[in-house]
Amino acid sequence: MPSPHSSRPRCLAPRLLSLTAVSLAVLLAGCTDQAPSAATSPTPRPALELVAFDSCAQLEKDLRAAAQKAQADGLVVPGYQRGPAANADTARAASESAAGAPPASSTNVHEAGVDEPDIVKTDGRRIVTVAGGVLRVVDPATRAQTGRLDLGIEAFGEPELLLAGDHALVLADGGPVRPMRDDTRIMRPANGRSEVLLVDLSSGSPRLLSRYRGDGRVVDARQRGGVARVVVSSSPKIQFPYRGDPVPENVVQDDRDTIQSATIDAWLPSWEITTGGTTARGRLDCSDVSRPEAFSGLTMLRVLTFDVNAAALGNGDPVALVADGDAVYGTNDSLYIANNQGRLTGDTAIYRFALPPVGKPVHAASGKVPGVLLNQYSMSEWDGHLRVATTDASATSSSSAVRVLREQSGKLVQVGAVEGLGKGERIFSVRFLGPRGYVVTFRQTDPLYSLDLADPTEPRVTGELKITGYSAHLQPVGENRLVGIGQEADTQGRTTGLQVSLFDVTDPAAPKRLDRHVVASGQSEAEADPHAVLWWPATNLLVLPVADARDDGALALRVTGDRLQPVTRLAAETADAGPMRRAVVVGDTLWSVTDQGLLASNASTLARIGWVDLN
């Protein structure tokens with residue numbers, strides 16, 4: 001059966017781990033690549049314990065030994081290349097408005113009050129967008145672009161931003177791989193040098209204050225108030241001699257010798273910070289690095305802390321962990337990083353960092369669960385417990401589970417679980433809402449499971465709804481109402497178009513679908529990225545990007561009682577303006593955003609008001 005995700009408009013590759021890195025992580029953790037059978041009830045995995053290194057010498061010894069083991073087993077160290085370099089071009093609601101500003105929508109985020117980076121932000125006074133390496137500011141009152149800043153970034157992927165006061169923090173993922181010499185093959189971080197930029201917006205015309213460039217890629221970030229926590233992942237830099245083709249018989253021993261001679265500097269990421277023409281440089285200190293008792297990879301995770309309201313960027317006061325990580329979930333006082341988003345089989349290691357009101361994050365606890373995560377929505381902290389939804393797959397079968405973990409003496413320990421969800425299927429969406437949980441699995445039909453999680457030691461399934469198609473994202477739209485955004489499918493599981501479903505979850509034993517809207521052969525960026533969803537409770541307005549054979553635009557729906565009322569399709573001013581990416585509300589105006597312009601519509605009637613070109 002073809003993958004129902006194959007036609008999604010936005011590539012998720014920058015958020016996924018390579019299979020090489022995954023295989024290495026399994027070896028370093030002392031595991032096999034065989035997942036437990038879905039027919040058995042696995043015992044809880046032992047919790048991981050974080051261990052601080054006694055010295056740089058011990059850190060260097062352990063990292064070198066792990067790299068040599070990977071090389072001896074025939075695996076490439078994660079992020080490295082053998083032979084000539086690859087072509088670099090192929091890599092890759094409402095909130096409180098600013099004082100005196102009209103009410104404005106916020107980014108659609110996982111946890112209220114914890115912001116997430118996105119390509120568009122507004123505080124009611126301004127709308128800030130970032131696209132093609134250019135940051136632009138639009139004044140919603142005058143409906144005009146007031147400023148433009150070419151960021152001069154050297155990064156792949158799509159830059160995103162956070163907003164606080166009169167400052168924006170831009171996050172750019174990765175950077176170009178430098179051409180390599182003819183006589184070498186270079187093992188370097190596949191994700192190059194990431195950038196964090198602090199931009200002043202106070203004058204209407206944006207101005208760059210500081211630029212941070214560091215080894216690795218930006219995994220994700222979370223912001224509480226004016227403090228941003230940025231998670232960066234980097235791989236070691238080791239240079240091997242290039243011997244052409246065929247490879248000589250002694251290459252294995254030569255590579256072992258190269259690893260043996262590598263110094264600690266190969267593993268410790270470096271950075272530079274430029275402010276006002278002055279550049280300061282630094283490198284991660286060994287004393288800031290910890291590792292799990294069992295390695296989960298050679299990748300170095302760093303959590304950086306930046307004050308978005310500061311006059312300049314510092315080094316981020318890095319806290320580092322020798323581990324892989326690709327899914328980030330944040331609450332008011334916790335940051336969770338999980339290590340295997342994108343794998344097909346295996347276990348998931350989860351690390352919790354406590355976020356004090358002042359100072360750097362602190363390693364608080366870690367644990368491991370069987371199976372793999374879908375995304376950050378697979379994790380949720382509630383009443384002192386972490387709920388985790390995973391799919392555990394083998395070569396012949398798969399099933400999913402929700403496990404409840406509690407922190408005990410620095411470990412995340414399983415205290416309850418409900419297993420056996422969607423046998424032969426995998427998870428397509430998860431949403432935890434207080435003491436309840438909702439899980440969608442899919443292969444040919446879409447079971448929507450309703451779970452009671454009030455007792456963490458006895459989580460249980462309370463209801464199940466089977467329909468065709470699936471929901472890739474579940475969006476709360478009022479009390480006991482969920483909207484599912486995904487794909488309709490035939491009885492064989494072949495997708496047929498975008499489907500928006502309205503669910504009534506009042507009765508936990510009997511969730512039901514009240515209404516649906518289908519766009520034949522359509523798809524939406526919101527299926528892959530929930531940031532693309534706008535839910536505006538004031539007018540019960542739901543807006544999401546949609547593309548089909550007709551056009552690329554935005555679909556606006558009203559949630560009225562038990563019905564989804566199609567309102568209109570919003571289209572850009574010109575065909576070359578690009579697809580609709582986001583929608584925000586400022587006052588009584590709905591702004592639909594493309595990379596080239598913004599469409600202004602009346603938030604109540606959706607009548608067109610005007611168009612702002614982004615130049």
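Asks: Explain the state of the cysteines here, please?
Replies: Covalent bonding between the sulfur atoms of two cysteines defines a disulfide. Here the structure, examined in full by the defined rule, presents one disulfide. Two residues, Cys-56 and Cys-286, share a disulfide whose sulfurs are 1.7 Å apart. Taking the torsion about the S-S bond as the criterion, the Cys-56 to Cys-286 disulfide, at about 105 degrees, is right-handed. We classify Cys-286 as buried; its relative accessible area is 6%.

Asks: Would you take a moment to explain the side chain of Thr-589 for this structure?
Replies: Looking at the secondary structure, you find Thr-589 in strand E40 (residues 589-593). At 3.4 Å, the side chain of Thr-589 forms a polar contact with the side chain of Asp-588. Those residues in contact with Thr-589, other than ones at most four positions away along the chain, are Val-584, Ala-600, Ser-601, Ala-603 and Ile-609.

Asks: Is there a simple way to explain the pattern of salt bridges in this structure?
Replies: It is possible for side chains of opposite charge to pair when their charged atoms get near one another. Applying the stated rule across the entire model yields 31 salt bridges. Salt-bridge contacts for Arg-126 lead to Asp-166; the nearest nitrogen and oxygen are separated by 2.9 Å. Separated by 40 residues along the polypeptide, Arg-126 in the loop between strand E2 (120-122) and strand E3 (127-131) and Asp-166 in the loop between strand E6 (156-164) and strand E7 (167-173) bring together distant segments of the chain. In this structure, Asp-562 and Arg-481 form a salt bridge, with 2.9 Å as the shortest nitrogen-oxygen distance. In this pair, Asp-562 sits in the loop between strand E37 (552-560) and strand E38 (563-570) while Arg-481 sits in strand E32 (residues 481-489), placing the two residues 81 residues apart along the sequence. For Asp-562, a relative accessible area of 41% puts it in the partly exposed group. In this structure Arg-481 comes out as buried when scored by relative accessible area, which is 18%. If you follow the salt bridges from partner to partner, you end up with Asp-118, Glu-158, Glu-525, Asp-529, Arg-581, Arg-582 and Asp-595 in one network.

Asks: Looking at this structure, how should I read the side chain of His-385?
Replies: Along the chain, the position of His-385 falls in strand E24 (residues 385-393). Of note is the side chain of His-385, whose polar atom sits 3.0 Å from the backbone oxygen of Asp-383. At a separation of 3.5 Å, a polar atom in the side chain of His-385 contacts the side chain of Arg-406. Leave out the neighbours within four places in its chain, and His-385 touches Ser-380, Val-404, Leu-405, Arg-406, Val-415 and Pro-456.

Asks: Help me understand the pairing of strand E15 (residues 278-283) in this model?
Replies: The two faces of a sheet get side chains in turn, since along a regular strand they alternate between them. In the sheet, strand E14 (residues 270-275) pairs with E15 via six bridges, with the strands oriented antiparallel. When the sheet's bridge partners are listed, Trp-271 is paired in E15 with Gly-282. Linking two consecutive strands that pair antiparallel, namely E14 and E15, is a turn of two residues; a positive phi of about 55 degrees is found at Gly-276 within it.

Asks: Just to check I follow, could you spell out the sheet that holds E15 for this structure?
Replies: Consider a sheet: its strands pair through backbone hydrogen bonds, and that pairing is either parallel or antiparallel. Read from one edge of the open sheet, six strands run E6-E7-E9-E10-E14-E15, paired in antiparallel fashion. Where the open sheet ends on each side, the last strands, each with one partner, are E6 and E15. Each adjacent strand pair in this sheet contributes to an overall mean axis angle of 15 degrees, direction not counted. With six bridges joining them, E7 and strand E9 (residues 193-200) adopt antiparallel strand pairing. Counted as the bridge partner of Ala-168 is Val-199 from E9.

Asks: Can you help me understand the pairing of strand E16 (residues 289-292) in this one?
Replies: Across the two faces of E16 the burial is the same, with Val-289 and Arg-291 and Ser-290 and Pro-292 all buried. Two strands pair when backbone bridges link them, and E16 and strand E18 (residues 319-322) are joined in this way by two bridges, in the parallel orientation. Its bridge partner being in E18, Val-289 is matched across the sheet by Ala-320.

Analysis parameters
Residues numbered from 1 in each chain as written. Predicted model: local features only at pLDDT ≥ 70, side-chain atom pairs only at ≥ 80, totals over all residues. Heavy atoms only, no water. Disulfide = S-S within 2.5 Å. Buried < 20%, exposed > 50% of the residue type's maximum accessible area, 1.4 Å probe, protein only. Helix = DSSP H or I, 4+ residues; strand = E, 2+ residues; numbered from the N terminus. Polar contact = N/O pair within 3.5 Å; in protein donor to acceptor, adjacent residues only side chain to side chain. Contact = heavy atoms within 4.5 Å. Salt bridge = Lys/Arg side-chain N within 4 Å of Asp/Glu carboxyl O. Pairing = 2+ DSSP bridges. Axes fitted to C-alpha atoms, helices over the stretch in contact; angles between N-to-C directions.

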